[in-house]
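Residues per chain, in single letters:
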Amino acid sequence: METTAYQKLSSGFYNRPDVLTIARELLGKIIVTKFNGELTSARIVETEAYAGVIDKASHAYGGRRTARTEIMYHEAGVAYVYLCYGIHQLFNIVTNEPDIPHAILIRGAEPITGVPVMLRRTGKKVADFTLTRGPGNVSKALGITTGHTGESLLEDEFHLVSDGFIPPAEDIIATPRIGVDYAGADALLPYRFIIRSNKYVSGRPSQNSVR
């Protein structure tokens with residue numbers, strides 16, 4: 001994929017106050033990585049928004065600041081990658097102004113470029129829908145690790161682009177987030193966005209329908 005034919009998302013895309021709008025508009029955008037000269041890309045089909053200090057599901061709820069979460073308080077358009085269950089490296093995008101710790105988790109993406117590289121990274125033999133379904137698989141296939149936390153998503157090696165594709169409004173579904181039962185009532189908020197019927201969307205069928 002020649003990224004020069006695509007429009008790289010600017011800092012202004014990420015530096016907006018409504019994390020839900022950004023999470024919805026990320027659907028259809030393309031993640032591009034070129035680590036160690038290996039180009040991979042995938043189109044985002046599933047996102048989850050986290051609304052910072054007021055969101056009980058957010059790592060920054062209540063203004064929590066730790067060595068891990070400090071990056072959430074930085075400028076918009078940087079990566080926040082954290083380790084989940086000691087295994088999965090989950091890629092989030094920091095949004096909004098400094099000191100407002102909004103973030104968006106990328107949960108599913110559809111491969112475009114570099115599938116052989118993705119297969120090698122994931123140890124898979126066949127490029128089925130599990131290749132980039134689920135946030136841990138997205139990161140592994142695209143080569144994104146916790147070492148990329150804090151990196152700008154405006155650089156040639158790691159960025160997001162638009163090729164003009166926008167999912168039809170009727171194909172975008174908002175659902176509760178997955179795996180945040182600890183958040184009480186906030187676990188029910190419709191902060192997860194998916195492209196209807198896309199095979200790279202994670203979750204059970206009951207989690208992927210209109211509520």
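Up top is the structure.
Quick caveat, the model's predicted, so the values are computed rather than measured.

Cut-offs used in this document
- Residues numbered from 1 in each chain as written.
- Predicted model: local features only at pLDDT ≥ 70, side-chain atom pairs only at ≥ 80, totals over all residues.
- Heavy atoms only, no water.
- Salt bridge = Lys/Arg side-chain N within 4 Å of Asp/Glu carboxyl O.
- Helix = DSSP H or I, 4+ residues; strand = E, 2+ residues; numbered from the N terminus.
- Buried < 20%, exposed > 50% of the residue type's maximum accessible area, 1.4 Å probe, protein only.
- Axes fitted to C-alpha atoms, helices over the stretch in contact; angles between N-to-C directions.
- Parallel < 35°, antiparallel > 145°, perpendicular 65-115°, else oblique.
- Left-handed = near helix turned anticlockwise from the far one by under 90°.
- Contact = heavy atoms within 4.5 Å.
- Nonpolar A, V, L, I, M, F, W, Y, C, P; charged D, E, K, R; others polar.
- Core = buried A, V, L, I, M, F, W, Y, C linked by side-chain atoms within 4.5 Å.
- Polar contact = N/O pair within 3.5 Å; in protein donor to acceptor, adjacent residues only side chain to side chain.
- Pairing = 2+ DSSP bridges.

Caption draft 1: Focus on the pattern of salt bridges. Within this structure, the stated rule accounts for 12 salt bridges. With a closest N to O distance of 2.8 Å, Arg-43 and Asp-163 form a salt bridge. One end of the pair, Arg-43, is in strand 3 (residues 38-50); the other, Asp-163, is in the loop between strand 8 (158-162) and strand 9 (172-175), with 120 residues separating them in the sequence. In this structure Arg-43 comes out as buried when scored by relative accessible area, which is 18%. In this structure, the salt-bridge partner of Arg-107 is Glu-46, at a minimum N-O distance of 2.9 Å. Taken together, the residues Arg-107 in strand 6 (residues 102-113) and Glu-46 in strand 3 connect sequence positions 61 residues apart. By relative accessible area, which is 9% here, Arg-107 ends up buried. Taken together, the shared-partner salt bridges connect Glu-46, Glu-48, Arg-107 and Arg-192 into one network.

Caption draft 2: Up close: the packing of helix 3 (residues 115-122) against helix 4 (residues 135-142). Their axes nearest at 7 Å, the elements helix 3 and helix 4 cross at an angle of 115 degrees. The pairing of helix 3 with helix 4 is recorded here as roughly perpendicular in orientation. The hand of the helix 3/helix 4 crossing is right-handed. For the pair helix 3 and helix 4, the contacting residues are Met-118, Arg-121 and Thr-122 in the first and Lys-140, Ala-141 and Leu-142 in the second. Residues of the contact of helix 3 with helix 4, tallied by class, amount to three nonpolar, one polar and two charged.

Caption draft 3: Expanded view of the nonpolar core. Ranked by size, the top nonpolar core spans 41 residues in total, and within it Leu-26, Ile-31, Phe-91 and Leu-160 carry the most contacts. Broken down by element, this core gets its largest block of residues, four residues, from strand 3. When near neighbours in sequence (up to four residues on either side) are disregarded, Ile-31 contacts Thr-40, Ser-41, Ala-42, Ile-44, Phe-91, Ile-106, Val-138, Leu-142, Ile-144, Phe-158, His-159 and Leu-160. Judged by nonpolar contacts, the second largest core, of 17 residues, contains Ala-57, Val-78, Tyr-80 and Ala-103.

Caption draft 4: The side chain of Thr-47, seen in detail. The residue Thr-47 is located in strand 3 in this model. At a separation of 2.9 Å, a polar atom in the side chain of Thr-47 contacts the main-chain carbonyl oxygen of Ala-23. Among all residues touching Thr-47, those that are not within four sequence positions of it are Ala-23, Leu-26, Leu-27, Ile-104, Leu-105, Ile-106, Arg-107, Tyr-191, Arg-192 and Phe-193.

Caption draft 5: Examining the pairing of strand 3 more closely. The buried count for strand 3 comes to 11 of 13 residues, which makes it a mostly enclosed element. Both strand 2 (residues 30-35) and strand 3 contribute to a ladder of six bridges, which runs antiparallel. Opposite Phe-35, over in strand 3, you have Glu-38 as the bridge partner. Between the end of strand 2 and the start of strand 3, which pair antiparallel, lie two residues, with Asn-36 showing a positive phi angle near 55 degrees. Looking at chain direction, strand 3 and strand 6 are connected through nine bridges and run antiparallel. If you follow Tyr-50 over to strand 6, its bridge partner there is Ala-103. In the sheet, strand 3 pairs with strand 10 (residues 192-195) via three bridges, with the strands oriented antiparallel.

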